[in-house]
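# Notes for the structure review
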Amino acid sequence: MPVVENNANAIPEDWEPKIIAFCCHWCTYTGADLAGLNRMNYPANVRVLRIPCSGRMNPQYVIEALNKGCDGVLVCGCHPGDCHYVTGNYYARRRMMIFKRLLEYEGLEPGRFQVKWISGAEAGKFRDTVMKAVEDVRALGPINLTREIPYFELPAMPDDDEEAFNAVPEEVFPEEVNA
Amino acid sequence: MSAQEIIRARAKELLESGEIATFIGWEAGRFTNQTTPLVITDAADAGKLVFNEYCANTLAKYVTDVLARGKVGLVVRGCDSRAIVRLINDKVIKREDVYLVGVGCPGMKDRKTDEPLKKCTECRHNNPLVFDEMAGENAEKAVPEDRFAEVKEVEAMTAAERTRYFESIYAKCIRCYACRDVCPCCTCRECFVDQRRENWVGKQNNVAENRFYGLTRVMHIGDRCIECGECERVCPMDLPLMKLNRKVIQDMNDLFGEFESGLVISAEPSVLTTYELTDREEFM
Amino acid sequence: MLLSKQNLMPLLNSLASDVDVFVPTTIDGVKKFARLADGVEPDFDMINTTMPPKDLLFPQTQKMYHFDVDKNGSYHIHEYDESREQIVFGIRPCDMRSIVCLDEVFLTKGFVDEFYANAREKLLTVSIGCTQAAETCFCTSMGVDPIYAPNADVMLQDTGDAYKVTAQTPKGEAAVSAWSEFLSDGDAEPVNCDVTLKVSMEGVVDKLEGMYDSPIWENLSIKCLNCGTCTYVCPTCHCFDISQENRKKDGVRFRCWDSCMFSEYTAMAGGHNPRPEKLERERNRFMHKLNFFERRYGMSLCVGCGRCVEKCPVALDITRLIDDIGSYEVAPASAE
């Protein structure tokens, strides 16, 4: 079997990268909120998940996200020194440095796992980080790891708001609930 | 007197005097040059103890199993003593819970091939670092020049080759968890793989789930690994697990200063459970 | 009928063009049964594979069914049947015996496991008798003949330059008649195989009845690590766990090997665990191998392949246990 260098040369036509962003509640999540309030445009490929602190970022979340269908993972927290819990992001910094190297050792492209410090006021930096992450992952193509997700694929990325609305899961058994 | 005779005599005395409740060593197995761990509580069994060049198992982890019966005596080589230090530093046991009979280790051999075990050729501390008494003298052993040689071999591959290399490892893993069960750093009361309600790792055996287990294991023991190499030795599929453990150790060496776990008893936190304000900044 | 050794590979290649043929081989350093394909070098001199052939009938992870709910709220269940025609070529008599054990478990006593039954029906077993034994082999002590597997569809016995071919079942006869161009008439005496490791099973089963509280288990289990190696390399261990993966309205149910060595194996919903320590787990494993299965199905669940003896990280040895049980004197009180 020939060694496939990466998937960059074989990107399916309607493929859109799927990126999950783990954001610290006190800084980056607020920063993302500010970006929204300021009507900043950034790609909808990123799904933001709130975590209490970047120190809470469990390396397992990253592996699970990659295993379960994400093409890239972004971890964002307060600037070192600004942590709401005083030291959380110092711990995160050490762990993420080690973990990023470990993932790259296992063959993951550096662009697929990124860590950034973004404060609550840095809406622009949040937008730029997301845009850069999406562009990086888009250039890399679908992830080059064996992911065994039996019979599941995440629904296709909606292009406009109406479809995004429709993509929200319906109630299971609506009839039965009514009856 | 040979080390084996001293161990037998001391085990007998210690058990008879009541200073210890159990003694852990090795006994001969059924096959030529085979040894297996032995836990004795009766001084009359001390004659079963052996010490030779084929004592492959480390003994420290058994201390946690038999501690309830009272103070534990055990034979320690370099790796066993570091494992004991690890257990003490992790507050699993106390120093006064164990009585350590040190023995110089010339490196152990594989009973079938008579070649030195891989873990022993890579060992940098073959003589006990903590002990209450020594049975015989320290032993001489060649120390490897570069403990990260095998990591560098892997790093020299391209990213795609590394992906394939590690995926072939995860494809072979049968998830028997022997690497976890033998590890003196794996001392969680309940391992994440047993937490079925949280369902951290799925029960399916496939590359993705095995990678999840493998990477989590490395991250969990990363800054505490004593490099005894037992995980690699016990693996029924002969997976090169130390290539993962040593990668983390190498990075910690580069980033946070020279690192070797389990050398001294201390209350200092380990590398990934602490921080410095001056740590390198890569994520700005 | 004889099959000369030169004709072996041509026969295998011709078989492999129609169905999946599994042969003992070393892939990536792991000895196991693998599908014959380019780059797979069969090794019929290998005494025993590390991984047993049970996964041909009972895969480590097996999809059972896939379910979803459509927009109208109705269920759909899609069953899987991934069984297909397979030949396992070169299975050893001890492993053949393990298939008898698995057949008993999955096909008798009023319940038929469909997944196993489908795979079993489509499997043709071609056993090759051993010519040499590993130091850990003790099959003769467990009632297995190393050069003859009575339940194999086709039995091949090494006679030096050729294999003596015996079709033993209708399926085997049909197969052998299709191989005629590779076979020649003749008869020869099979080479004997000398198994040196011997243990005495005499009285062990009955003795175990009174040994539930024996100190033997304590002494045995103290060195156990509680890893699952012995159960996963065992050709007869057959415990499984059914689990599922869900996403939104889709889900897939699968079953996968489980091991009685894990604490989670007996963990109950309320948090109680009837086998909390390795003492209880070890006792259960060996009791099941040597006593419970014997009582229920009239045969030992240990076939003497020696895999667990070989692979156990702490050299915990079932043959020594059998010896210990043999020499153990049941206390009069518990003998009753």
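Residues numbered from 1 in each chain as written. Chains lettered and ligands numbered in written order. Predicted model: local features only at pLDDT ≥ 70, side-chain atom pairs only at ≥ 80, totals over all residues.

## A closer look at the overall build of chain C
Per the secondary structure count, chain C includes 11 helices and 12 strands. A compact globule built from 336 residues would reach a C-alpha radius of gyration of about 20 Å, and chain C, at 22 Å, matches this within 12%. Taken along its principal axes, the extent of the C-alpha atoms in chain C is 65 × 65 × 40 Å. Restricting to contacts in chain C with at least 6 residues of sequence separation, those with at least 24 account for 70%. (Helix = DSSP H or I, 4+ residues; strand = E, 2+ residues; numbered from the N terminus. Rg over C-alpha atoms; globule rule 2.2 N^0.38 Å. Contact = placed C-beta atoms within 7 Å.)

## Section: the interface of chain A and chain B
Each partner contributes residues to the interface: chain A has 32 residues there, and chain B has 32 residues. The set of elements that each furnish at least two residues to the side of chain A that touches chain B consists of α2 (59–67), α3 (88–105) and β4 (113–117) of chain A. Tallying contributions element by element places α3(A) first for the side of chain A that touches chain B, with 11 residues. Tallied by class, residues from the side of chain A that touches chain B come to 14 nonpolar, seven polar and 11 charged. (Nonpolar A, V, L, I, M, F, W, Y, C, P; charged D, E, K, R; others polar.)

## Points about the environment of B:G70
All names here are of chain B. As for its placement among the helices and strands, G70 is situated in the loop between α2 (62–66) and β4 (72–76). G70 gets classed as partly exposed once you count the C-beta atoms within 10 Å, which come to 13. Distance from G70 to G18, taken between C-alpha atoms, is 9.8 Å for residues 52 residues apart in sequence. Setting aside residues up to four positions removed in sequence, G70 forms contacts with I20 and A21. (Buried ≥ 20, exposed ≤ 12 C-beta atoms within 10 Å, placed from the backbone.)

## Quick notes on the pairing of β4(B)
Two faces make up the sheet, and in a regular strand the side chains alternate between them. Residue and element names in this part refer to chain B. With five of five residues buried, β4 lies mostly within the body of the structure. Because side chains alternate across β4, one face comprises the buried residues V72, L74 and V76, and the other comprises G73 and V75, equally buried. Sheet topology places strand β1 (residues 22–28) next to β4; three bridges connect them, and they run parallel. The residue of β4 that forms the bridge with I24 is L74. This β-α-β element, β4 to helix α3 (residues 78–89) to strand β5 (residues 98–102), shows right-handed connectivity. (Pairing = 2+ DSSP bridges. Right-handed = clockwise from strand over helix to strand, strands pointing away.)

## Focus: the domain arrangement of chain B
Residue and element names in this part refer to chain B. When the domains of chain B are assigned, the result is domain 1 (3–134) and domain 2 (149–273). Averaged C-alpha coordinates put domain 1 and domain 2 at centres separated by 25 Å. Every contact between the two is made by 22 residues of domain 1 and, on the other side, 17 residues of domain 2. Every element with two or more residues in the side of domain 1 that touches domain 2 is listed here: α3 and α4 (118–121). In terms of residue count, the dominant contributor to the side of domain 1 that touches domain 2 is α3 (eight residues). (Domains from an automatic or database assignment.)

## Focus on the sheet that holds strand β3 (residues 72–77) of chain A
Residue and element names in this part refer to chain A. If you walk across this open sheet you meet the four strands as β2-β1-β3-β4, and the pairing is parallel. Taken across any chain shown, the strands that pair with only one partner, and hence form the sheet edges, are β2 (46–51) and β4. Ignoring strand direction, the axes of neighbouring strands in this sheet form an average angle of 20°. As judged from the six bridges shared by strand β1 (residues 19–24) and β2, these two strands associate in the parallel manner. Residue pairing in the sheet places F22 in a bridge with L49 of β2. (Axes fitted to C-alpha atoms, helices over the stretch in contact; angles between N-to-C directions.)

## Things to note about the packing of helix α1 (residues 28–37) of chain A against helix α4 (residues 123–140) of chain A
Residues and elements named next belong to chain A. For the pair α1 and α4, the least separation of the axes is 8 Å and the interaxial angle reads 90°. When the axis of α1 is compared with that of α4, the two are roughly perpendicular. Taking contact as the criterion, the partners of T28, G31, A32, L34 and A35 in α1 are, on α4, A123, F126 and R127. (Parallel < 35°, antiparallel > 145°, perpendicular 65-115°, else oblique.)

## Concerning the environment of C:T26
Residue and element names in this part refer to chain C. Mapped onto the elements, T26 comes out in strand β2 (residues 20–27). A residue is classified by how many C-beta atoms lie within 10 Å of it, and T26, with 15 of them, is partly exposed. With 16 residues separating them in the primary sequence, T26 and P42 have C-alpha atoms 8.0 Å apart. When residues no more than four places from it in sequence are discounted, the contact partners of T26 are K31 and D43.

## Regarding the environment of A:C23
All names here are of chain A. Within the secondary structure, C23 sits in strand β1. Considering only alpha carbons, one finds C23 and S54, 31 residues apart in sequence, at a separation of 7.2 Å. In this view, C23 contacts T28, Y29, A32, V48, L49, R50, I51 and C76; residues no more than four positions away in its chain are not counted.

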